[in-house]
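A look at the structure
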Amino acid sequence: MIDNVILGFQTALTPQNLLWCFVGVLAGTVIGLLPGLGSTTGVAVLLPLTLDFEPVTALIMLAGIYYGAQYGGTITSVLISTPGEASSVVTTLDGYQMARRGRAGAALSIAAIGSFVAAIFSLVLLMVLAPPFANFALKFGPVENLSIMILGLATIVSFSGESRIRGFAMASAGLLLATVGMDAATGTARFTFDNVNLLSGVPFVEVMIGLFAVGEVMYQIRVGAAAPIRTRFRELLITRSELRRSIGPIGRGSVLGFLLGCLPGSGSTLASFIAYGVEKRVSRNRSQLGQGAIEGVASPESANNAAANANFVPTLTLGIPGGGTTAVLLGAFTMYGLQPGPLLFQSQPTLVWGLLVSFFIGNVMLLVLNLPMAPIFAQMLRIPYAYLYPIILFTSFVGAYSIDNNMFSVWIVFVAGVAGYFMKLYDLPMAPLVLGLVIGPLFEKALTQTSALGDGDLLIVLSHPIALVVLALAVLLAAGPSLVRLLPRNTPARDREPAGV
Amino acid sequence: MLALVGLAAAVSGAFYGVFVDGGRVGPGFLPLVAGGLTAVLCGWLALRCVHGERSHPPGGPAEGVEPHLVEDIDPVDIDSVDNGTDDDVDISGRTRRERIHNLWKVFGLTLGAIPLVQVVGFLAAFGALVFVISTWIERQPLLKSAVIAAAATGLIYGVFGLFLEIPLPGGLLGLGTEG
């Protein structure tokens, strides 16, 4: 363990990796704070820039964008009530109210501190737990892998959007999209319409750029923008009372965020909402939540950062993305010829430990950047969106073109952009679609192998204890919320309490 | 539409071979199952939309948000998260109707810019897109828009064309980085 950490520091502390880590976290902060861009978009759009990099350098930079955006997303949530990231949605509730009362700086500061504490806490757990979990996962065969992918889909479906039916429909659509191209087992070309570009499947990164960048830009044009609130340096100072009130929420948010982030497909949005909900029930100041309570910023911001790091547990050890952005990062791994999974810790120790240690360094950089510079970052919000979004469109299309140097990629981005806009408009969750598309080929491979192991009988999964437990968990997750609703609820008591989350 | 796509995929999947030798899963199995599920679920959602049973309007909470969690939040707060669901004007003074018109114009302009790449090249086509959107759609000052479009094109040329050596198509005018 110690040897691995030292190896990680040796890798992460090279001038080149330090530089790109800084570029990544800075870009992530900027991307996170600009409405219409999020970590998934940022990683997808900037991925082509890293094609010539060493894989470890590229991943350090891309991961920096991911957790940097968690910090940046808070700034827009607090200042203009427009979350830069889905995981910062809940922060708008109290963060914006604090800003309206002149406490924007305190909200931004506690978000940065909470995010840092949660990130360090979750990184220690990630480093301690990921290697033994990867060793355990080495025992997994196709049957177990299939059940874990079903768990990933069940997790993301059960926490997606207005209704689980929508999530389920989008996960199915993602799996369907993943079947386009040559079938690996038999060589059959499926849904290619004689287009050679489709033989290798629907290009994943282009779809991501279209869904998240172009679709989001179009949606932002539709919704317009809110008026910003300006913040000043002296407003950054947190009072002793605010700091004391934040300790508990930061601790609870960190633990909850890590636990929830470990679930494949859960992302960090869920963690922030659950953490806020817990504060609504356990905080001494729960009656103030929703009206500008610092607990309402500290807890969800800690939770989403802890979850962002914990998302790397399933991503690195099982090769199953923890959420939307880690799905894109998983695509990046495969572009660099790497296969995330239990063997990665043994076959690529320099890369894995260098990446993990870079999270520490990146989070220190983010704290140093965010505490004194939040007001400066906030000035970027003054760039009119009228100038910003045409440039985002330009960058998205040129980024997509540069992946394969062909116009087919550009058309895919446009089509996916139209799809992404309508998905946002009709509240169809994108994360299940992304997960379905990413794990589709792996899912089909595991399905085919399981079928072969059972001589055509898929019920062979029932004879594998690990797979059985995982499947039971998946069923529980998928059906759990419906079962909870069937339980009798104490309505009068609930009505007396403040609205909870 | 998604329901129809799913249905078509499910039917096509049956022709690829759902099962192969020994009853094992074939290349048509996943298209059949995933397409069938997509058709059924999206069809059901479409029916719900038609019957007006949707529990909240378009532009609802962000993805990844547990439904019952959101219901518990004060609706006033959610409105402040997504300010696009009402008819209020935004900070640029546009009504929702005007914003939707602009959206379709941007869609159309982008759709037009892509084939234009073959004629004037990638940089010129998308540089022009930035300029036209800024001036025509967003009504920004002509000179400022021209400077921003030129700066964006220059930056993209520097990063993608020179630094990354991406062969951006030059079109008939030869304004690219090919060759």
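First, a word on what this report is: a plain description of the structure on this page. What you see is a predicted model; the values in this text were computed from it and never measured.

**Concerning the overall build of chain A**
Scanning chain A from N- to C-terminus turns up 21 helices and two strands. Relative to its 501 residues, chain A shows a buried fraction of 66%. Here the contacts in chain A between residues at least 6 apart in sequence split such that 79% fall between residues at least 24 apart. About 17200 Å² of surface is accessible on chain A, with carbon and sulfur atoms providing 66% of the total.

**Looking at the environment of isoleucine 320 of chain A**
All names here are of chain A. Its location among the elements puts isoleucine 320 in the loop between α13 (312–318) and α14 (324–335). Between the alpha carbons of isoleucine 320 and leucine 7 there is a distance of 25 Å; along the sequence they are 313 residues apart. Ignoring anything within four residues of it in the chain, the contact list for isoleucine 320 reads Ile148, Met149, Pro264, Pro314 and Thr315.

**A closer look at the nonpolar core**
Counting 166 residues, the largest nonpolar core has Met208 and Phe397 of chain A together with Phe122 and Phe126 of chain B as its most contacted members. In terms of residue count, helix α9 (residues 204–223) of chain A provides more of this core than any other element does, 14 residues in total. If you look at the next biggest cluster of nonpolar residues, it comprises 16 residues, including Ala107, Ile110, Val297 and Ala298 of chain A.

**Overview of the pattern of salt bridges**
In a structure, side chains of opposite charge can pair up when their charged atoms sit close to one another. Residue and element names in this part refer to chain A. Overall, the coordinates contain six salt bridges over all chains when judged by the stated rule. A salt bridge links arginine 190 to glutamate 444; the shortest N-O distance between them is 2.7 Å. Separated by 254 residues along the polypeptide, arginine 190 in strand β2 (residues 189–190) and glutamate 444 in helix α19 (residues 430–453) bring together distant segments of the chain. By relative accessible area, arginine 190 is classed as buried at 2%. With relative accessibility at 9%, the residue glutamate 444 sits in the buried group. The residue arginine 252 makes a salt bridge to glutamate 279 at a minimum N-O spacing of 2.8 Å. With arginine 252 in helix α10 (residues 240–261) and glutamate 279 in helix α11 (residues 269–282), this pair connects stretches of sequence that are 27 residues apart. The exposure class assigned to arginine 252 is partly exposed, which follows from its relative accessible area of 31%. Because the salt bridges share partners, they merge into one network encompassing Asp183, Arg190 and Glu444.

**Concerning the packing of α9 of chain A against helix α18 (residues 407–425) of chain A**
All names here are of chain A. Following both chains from N to C, one finds α9 and α18 inclined at 50°, their axes separated by 6 Å at the closest point. Regarding the angle of α9 to α18, the classification is oblique. For the pair α9 and α18, the crossing hand works out as right-handed. Residues Glu206, Val207, Ile209, Gly210, Leu211, Val214, Gly215, Glu216, Met218, Tyr219 and Arg222 of α9 pack against Ser409, Ile412, Val413, Ala416, Gly417, Ala419, Gly420, Tyr421, Met423, Lys424 and Leu425 of α18.

**Digging into the packing of aromatic side chains**
All names here are of chain A. Scanning all chains against the criterion turns up 19 aromatic pairs over all chains. Here tyrosine 66 and phenylalanine 312 contribute two aromatic rings whose centre-to-centre distance is 5.9 Å and whose plane-to-plane angle is 55°, an arrangement assigned as tilted. With a gap of 246 residues between them, tyrosine 66 in helix α4 (residues 55–80) and phenylalanine 312 in helix α13 connect regions that are remote in the sequence. Exposure remark for tyrosine 66: the relative accessible area of 3% places this residue in the buried category. When its relative accessible area of 2% is taken as the criterion, phenylalanine 312 is described as buried.

**Observations regarding the side chain of threonine 326 of chain A**
All names here are of chain A. Relative to the helices and strands, threonine 326 is located in helix α14. For threonine 326, a relative accessible area of 0% puts it in the buried group. Ignoring anything within four residues of it in the chain, the contact list for threonine 326 reads Tyr66, Asn311, Phe312, Thr315 and Pro321.

**Quick look at a nonpolar patch on the surface**
Residue and element names in this part refer to chain A. A surface patch of nonpolar side chains, amounting to about 540 Å² of accessible area, comprises Met1, Ile2, Ile6, Val124, Val128 and Leu129. Broken down by secondary-structure element, the contributors of at least two residues to the nonpolar patch are α1 (2–12) and α6 (104–137). The dominant element in the nonpolar patch, judged by the number of residues it contributes, is α6, at three residues.

**A look at the environment of leucine 7 of chain A**
All names here are of chain A. With respect to the secondary-structure elements, leucine 7 resides in helix α1. Leucine 7 sits in the partly exposed class, given a relative accessible area of 23%. Along the chain, leucine 7 and asparagine 195 lie 188 residues apart, while their C-alpha atoms are 46 Å from each other.

**Looking at unusual backbone geometry**
Residue and element names in this part refer to chain A. The phi torsion at phenylalanine 193 lies on the positive side, around 50°, for a residue other than glycine. By the element assignment, phenylalanine 193 lies in the loop between β2 and α9. In the Ramachandran plot, aspartate 194 falls in the positive-phi region, its phi being about 60° despite a non-glycine side chain. One can find aspartate 194 in the loop between β2 and α9. Since its relative accessible area comes to 80%, aspartate 194 is described here as exposed.

**Digging into the layout of surface pockets**
Within this model, the largest pocket holds a volume of roughly 1300 Å³. Around the largest pocket, the lining is made up of 35 residues, and of these Ala173 and Ala419 of chain A together with Met1, Leu2 and Val5 of chain B lie nearest the centre. Every element with two or more residues in the lining of the largest pocket is listed here: α8 (164–178), α9 and α18 of chain A together with α1 (2–16) and α2 (29–50) of chain B. Here the element with the most residues in the lining of the largest pocket is α18 of chain A; it accounts for seven residues. When its residues are assigned to classes, the lining of the largest pocket shows 31 nonpolar, two polar and two charged. Roughly 970 Å³ of internal volume is contained in the second largest pocket. Contributing elements (two or more residues each) for the lining of the second largest pocket: α8, β1 (181–182), α9, α14, α17 (385–404), α18 and α19 of chain A. Take the lining of the second largest pocket: its biggest share by element is eight residues, from α19 of chain A. Among the residues making up the lining of the second largest pocket, the classes are represented as 20 nonpolar, 13 polar and six charged.

**Focus: helix α2 (residues 15–33) of chain A**
A rise of 1.5 Å per residue sets the reference length of α2 of chain A, with its 19 residues, at 27 Å; its end C-alpha atoms lie 27 Å apart and thus fit the reference within 8%. Among the residues of α2 of chain A, Asn17, Cys21, Gly24, Val25, Ala27, Gly28, Thr29, Val30, Ile31, Gly32 and Leu33 of chain A are the ones counted as buried.

Quick notes on the rules
Residues numbered from 1 in each chain as written. Chains lettered and ligands numbered in written order. Predicted model: local features only at pLDDT ≥ 70, side-chain atom pairs only at ≥ 80, totals over all residues. Heavy atoms only, no water. Helix = DSSP H or I, 4+ residues; strand = E, 2+ residues; numbered from the N terminus. Buried < 20%, exposed > 50% of the residue type's maximum accessible area, 1.4 Å probe, protein only. Contact = heavy atoms within 4.5 Å. Areas by Shrake-Rupley, 256 points an atom, 1.4 Å probe, with all protein chains shown as cover. Core = buried A, V, L, I, M, F, W, Y, C linked by side-chain atoms within 4.5 Å. Salt bridge = Lys/Arg side-chain N within 4 Å of Asp/Glu carboxyl O. Axes fitted to C-alpha atoms, helices over the stretch in contact; angles between N-to-C directions. Parallel < 35°, antiparallel > 145°, perpendicular 65-115°, else oblique. Left-handed = near helix turned anticlockwise from the far one by under 90°. Phe/Tyr/Trp six-rings, centres within 6.5 Å; stacked < 30°, edge-to-face > 60°. Patch = residues over 30% accessible without salt bridge, like charges linked within 9 Å, V, L, I, M, F, W, Y side chains within 5 Å. 1 Å grid on protein atoms, 1.4 Å probe; cavity = no way out; pocket = protein on both sides within 12 Å on 5 of 7 lines; lining within 4 Å. Points joined across faces, edges and corners; volume = space filled by probe spheres on them. Nonpolar A, V, L, I, M, F, W, Y, C, P; charged D, E, K, R; others polar. Expected span 1.5 Å × (residues − 1).

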